[in-house]
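Understanding the architecture of this molecule
If you want the building blocks of each chain, they are given just below.
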Amino acid sequence: MRRRLPAVALTLALALGIGIGAALSAAAPALAAGYRYWSFWDGSGGGQWSYATLGPSMARPADGAVQGFRFSVSKDAAAQAAQPRAAADFETVCGATAPTAGRKRVALVIDFGVPADAPAGDAPPDAAPRTACAQVAPEATAAEALASVAKPLRYNSAALLCAISGYPKQGCGDQVADTAAESPASAAAPAPAPARSSAADSGGGPSAGLLAGIAAVAALAAAGVWQSRRRTR
């Protein structure tokens, strides 16, 4: 006749199942998170874009640089953020602007995104990317170059760029549903190159702490079952 497991063993096994289920449920929102925000890009050779490693208030582009801004719903990681939909081409943007002594020229591409990415009740002011050649002081930041051609800008208390030319009217890096974060309209651009550091850059999977916690619960449950079996022999 087969022996039944003691009540303590059954309790521990049940706790293990509940603990793992709760931990995985807690991880689910992290897997689904996307954000509505302005991403910042550096232009590189061949008209390509790479996700900027510094924010616009810290970056100090050189004369002849190209900087891009794209509003979209996407995950905050280089491999999943939507690029500006125009090439990073300095000559196209600034070729007709003559150099000026004591100033630098910075080509800016400002992509307001697609209607599907707009907050409720708002709409992109331009359907196509807007370009401008900013002439600013040699030490000017990308944010200062942007402010010279695309006011009003809006920032939050953490210095995150929230709006360019007043768009969007409200919100700043708001979290949105996963379906919007992976919409084809949002990702209508080639995959970007290396990213700046971000909490979301870990890939969206369960954290190491979460997995360690699950392992600890499993180990405790197994030890309890083993100890209970010893006592019943």
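Rules used in this analysis
Residues numbered from 1 in each chain as written. Predicted model: local features only at pLDDT ≥ 70, side-chain atom pairs only at ≥ 80, totals over all residues. Heavy atoms only, no water. Salt bridge = Lys/Arg side-chain N within 4 Å of Asp/Glu carboxyl O. Helix = DSSP H or I, 4+ residues; strand = E, 2+ residues; numbered from the N terminus. Buried < 20%, exposed > 50% of the residue type's maximum accessible area, 1.4 Å probe, protein only. Pairing = 2+ DSSP bridges. Phe/Tyr/Trp six-rings, centres within 6.5 Å; stacked < 30°, edge-to-face > 60°. Core = buried A, V, L, I, M, F, W, Y, C linked by side-chain atoms within 4.5 Å. Contact = heavy atoms within 4.5 Å.

**With respect to the pattern of salt bridges**
- The final tally for this structure, using the stated rule, is four salt bridges.
- Between Asp-111 and Arg-85 there is a salt bridge, with the nearest N and O atoms lying 2.8 Å from each other. Of the two residues, Asp-111 sits in strand β4 (residues 104-111) while Arg-85 sits in the loop between β3 (65-74) and α2 (90-94), which places them 26 residues apart along the sequence.
- For Asp-111, a relative accessible area of 0% corresponds to the buried category.
- Residue Arg-85 is classed as partly exposed on the basis of its relative accessible area of 32%.
- Residues joined in a network through salt bridges with shared partners are Arg-70, Arg-85 and Asp-111.

**Notes on the pairing of β3**
- Among the ten residues of β3, ten are classified as buried, and the element is accordingly described as predominantly covered.
- On β3, burial covers both faces: Ala-65, Gln-67, Phe-69, Phe-71 and Val-73 on one face and Val-66, Gly-68, Arg-70, Ser-72 and Ser-74 on the other are all buried.
- Note that strand β1 (residues 34-43) and β3 share eight bridges and pair antiparallel. Bridge assignment links Tyr-37 to a residue of β3, and that residue is Ser-72.
- Note that β3 and β4 share six bridges and pair parallel. The residue bridging Gly-68 from the neighbouring strand is Val-109, located in β4.

**Some thoughts on the packing of aromatic side chains**
- If you walk through the whole model with that rule in mind, you get six aromatic pairs.
- Pairing Phe-71 with Tyr-167 gives two aromatic rings, centres 5.1 Å apart and planes at 70 degrees, and the pair type is edge-to-face. With Phe-71 in strand β3 and Tyr-167 in the loop between β7 (161-163) and β8 (174-176), this pair connects stretches of sequence that are 96 residues apart. Of the two residues, Phe-71 and Tyr-167, both sit in the buried class.
- Here Phe-112 and Tyr-167 contribute two aromatic rings whose centre-to-centre distance is 6.0 Å and whose plane-to-plane angle is 70 degrees, an arrangement assigned as edge-to-face. You can see Phe-112 sitting in the loop between β4 and β5 (130-136) and its partner Tyr-167 sitting in the loop between β7 and β8, a full 55 residues away along the chain. Taken individually, Phe-112 and Tyr-167 each receive the classification buried, so the pair is uniform in this respect.
- Put simply, the rings of Trp-38, Phe-71, Phe-112 and Tyr-167 pair up and form one aromatic cluster.

**Quick look at the nonpolar core**
- Of all hydrophobic cores here, the largest spans 21 residues; its most connected members are Trp-38, Phe-69, Leu-108, Ile-110, Leu-146 and Ile-164.
- Residue assignment for this core shows that the elements contributing at least two residues are β1, β3, β4, β5 and α3 (142-147).
- Beyond its immediate chain neighbours, meaning those up to four positions away, Leu-108 contacts Gln-67, Phe-69, Val-93, Arg-130, Thr-131, Ala-132, Ala-134, Ala-145, Leu-146 and Val-149.
- Listed in part, the 14 residues of the second largest apolar core include Tyr-37, Ala-88, Cys-94 and Cys-133.

None of this, on its own, says anything about what the molecule does.
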